[in-house]
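Structural characterization, general
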Amino acid sequence: MRSNLAEPVTIDDLARAAMFSKFHFSRMFQRVTGVSPGRFLSAIRLEEAKHLLLTTSLNVADISMRVGYNSVGTFSSRFSRSVGVSPTAYRRLGGYIATIPSQDPCGPDTARISGRIGLPAQLRRPGLIFIGLFPTPIPEGRPVSCAVLHGPGGYELRAVPGEQYYLLAHGVTGDPEAAQQPNLTVATCGPLTVDREARLNLDVMLQPVGRLDLPVLLALQDARKTALQRMADDPARHTQLAAA
C-alpha cells in the first residue's frame, strides 16, 4: 500500500502480494489492524496528503493524484471530513487547529472515563499527549470527548453518551530544540461499551508507532510542537491543556 499510494490498489492486488485468498487476507488484515484493507489504505493516503501539504508547494489537485484520488472534489471532501479542515485551510494553518471540536453530548445521562496514561521509561521526556473517544478505530473527524496533556499522568473524559467507542491516544516526546526527530507513540483500547452515567477507570500505556498502527488524521501537529516549546520555556508546567 505505502509503495503504491497513487495506484488503484485492489483487494485482489493485496491478497496476491500476501499469497492468500482475498477473503482470508481481508479477515486477517481486519483482525490485526482493526479495520478493512480499504479503510487502512484510505487512512494512509490522507496521512501522506497531510505530509505533502506541509512539506511541498504542490497544488491540491496534484496532491490528490499523488495519493490515489482521480477527483479533487472527492479528495477534498474526504480530507475535510477526516482531518477537520479543507486541504487548503490545513496548509494555511500549518497543520494546526487551535481548538479540537468534540461532539455535543446527546443528553443529560452521560458517562465519564478517567485513568492514567503511561509511557515506557526510555520515552519519558517532555511531550504532548492527545487522548480521545471515537466511534471507529481511526482518530478522525470530531471526537466524542478529548483531552490534551503535557505528559503522562491522569486524564478525564466527560460528557460521554452511552454508546460503543474506541479510546485512542497519540503522543510526541522529545526535546523541541534537539535535532533528532521526536518519538511518536500510540495506544488503542476498544471497542468499549459505555453505559449511561457510567464511571469507568481505564489506564493506557503508549507504545512506539508501528507500520500497522492507524495514522492520526486530526490536525494536531503544530499543537504538539507548540506545547513542547512551552514546556521548554516553562518546564514546571505539567497541567492539562484542555478537555471537552
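Along each chain, residue indices are assigned from 1 in the same order as the chain's sequence is written. In keeping with the model being predicted, local features are shown solely for residues with a pLDDT of at least 70 and side-chain atom pairs are shown and tallied solely at 80 or more, while totals for entire chains, interfaces and linings include all residues. Processing note: side-chain calculations cover all non-hydrogen atoms of the structure and skip hydrogens and water entirely.

1. Considerations on the overall build of the protein
Each helix is a run of H or I in the DSSP string that is no shorter than four residues. Each strand is a run of E no shorter than two, and both are numbered from the N terminus. Scanning the protein for helices and strands turns up seven helices and 10 strands. Sorting the 244 residues of the protein into buried and exposed places 43% on the buried side. Contact between two residues is taken to exist if any of their heavy atoms lie within 4.5 Å; hydrogens are not considered. Taking the contacts inside the protein whose residues are at least 6 apart along the sequence as the reference set, 70% of them involve residues at least 24 apart. Here the protein has roughly 12,800 Å² of accessible surface; of this, 51% comes from carbon and sulfur atoms. Only protein chains enter the accessibility calculation, which uses a 1.4 Å probe. A residue is then buried if its area is under 20% of the maximum for its type, exposed if over 50%, and partly exposed in between. Per-residue accessibility takes into account occlusion by the displayed protein chains alone, with areas from the Shrake-Rupley method and a 1.4 Å probe.

2. As for the pattern of salt bridges
Salt bridge, as applied in this entry: a Lys or Arg side-chain nitrogen positioned within 4 Å of an Asp or Glu carboxyl oxygen. According to the stated counting rule, one finds six salt bridges in the structure shown. For Arg112, the salt bridge goes to Glu156, with nearest N and O atoms at 3.6 Å. With Arg112 in strand 1 (residues 110–118) and Glu156 in strand 4 (residues 153–161), the pair connects residues that are 44 residues apart, well separated along the chain. Linked through salt bridges whose partners overlap, the residues forming this network are Arg112, Glu156 and Arg158.

3. Some points on the nonpolar core
Buried Ala, Val, Leu, Ile, Met, Phe, Trp, Tyr and Cys residues form a nonpolar core when they are joined through side-chain atoms within 4.5 Å. Grouped together as the largest cluster of nonpolar side chains are 31 residues, with contacts concentrated most on Met1, Phe40, Ile63, Phe75, Phe79 and Tyr90. For this core, the secondary-structure elements that each account for two or more residues are helix 1 (11–18), helix 2 (22–33), helix 3 (37–55), helix 4 (60–66), helix 5 (72–83) and helix 6 (87–92). No other element matches the eight residues that helix 3 contributes to this core. For Phe40, the residues in contact, after removing those within four places along its chain, are Met1, Arg2, Phe29, Thr33, Val35, Arg211, Leu212, Asp213 and Leu214. In terms of nonpolar packing, the next biggest core, distinct from the first, is built from 23 residues, Ile117, Leu157, Leu167 and Val194 among them.

4. Looking at the confidence of the model for the protein
Averaged over all residues, the pLDDT of the protein is 81; the fraction at 70 or higher stands at 79%. Confidence scores differ between elements of the protein, with strand 10 (residues 242–243) showing the lowest mean pLDDT of 36 and helix 4 the highest of 96. Confidence scores per residue from the predictor, reported as pLDDT, run from 0 to 100. Under a pLDDT of 50 for its full length, residues 176–180 has, in the predicted model, five contacts with residues more than four places off or in other chains. Contacts from residues 234–244, a stretch scored under 50 in pLDDT, to residues over four places away or in other chains number 27 contacts.

5. Notes on the pairing of strand 3 (residues 145–149)
Walk down a regular strand and you will see the side chains alternate between the two sheet faces. Among the five residues that make up strand 3, five are buried, leaving the element largely enclosed by the rest of the structure. Burial along strand 3 is two-sided: the residues Ser145, Ala147 and Leu149 and Cys146 and Val148 are all buried. The pairing criterion for strands is at least two bridges between them, as found by DSSP. Relative to strand 3, strand 2 (residues 127–134) runs antiparallel, the two being bridged by five bridges. When the sheet's bridge partners are listed, Leu133 is paired in strand 3 with Ser145.

6. Some remarks on the environment of Arg66
Residue position: Arg66 is located in helix 4. Expressed as a C-alpha distance, the spacing of Arg66 and Asn4, which sit 62 residues apart in the sequence, is 9.4 Å. Once you skip the residues sitting within four places of it in the chain, Arg66 turns out to touch Leu5, Ala6, Leu52 and Leu58.

7. Considerations on the packing of helix 1 against helix 2
Helix packing geometry: the angle between the two helix axes and the distance between the axes. For helices, the fitted axis covers only the stretch in contact; all axes are lines through C-alpha atoms, and the angles between them, taken along N-to-C directions, range from 0 to 180 degrees. One way to put it is that helix 1 packs onto helix 2 with a least axis distance of 9 Å and a crossing angle of 85°. Put simply, helix 1 runs roughly perpendicular to helix 2. Across from Ile11, Asp12, Leu14, Ala15 and Ala18 in helix 1, the residues of helix 2 making contact are Lys22, Phe25 and Ser26. Here the contact of helix 1 with helix 2 is composed, by residue class, of five nonpolar, one polar and two charged. We call two directions roughly parallel when the angle between them is under 35 degrees, roughly antiparallel when it is over 145, roughly perpendicular when it lies between 65 and 115, and oblique otherwise. Residues are grouped as follows: Ala, Val, Leu, Ile, Met, Phe, Trp, Tyr, Cys and Pro are nonpolar; Asp, Glu, Lys and Arg are charged; all remaining types, including Gly, are polar.

8. Re unusual backbone geometry
Peptide bonds are mostly trans, and most non-glycine residues show a negative phi. Pro191 follows Gly190 through a cis peptide bond whose omega is 5°. In this structure, Pro191 sits in strand 6 (residues 183–194). Backbone geometry at Ala159 places phi at a positive 50°, although glycine is not the residue there. Inspection of the secondary structure puts Ala159 in strand 4.

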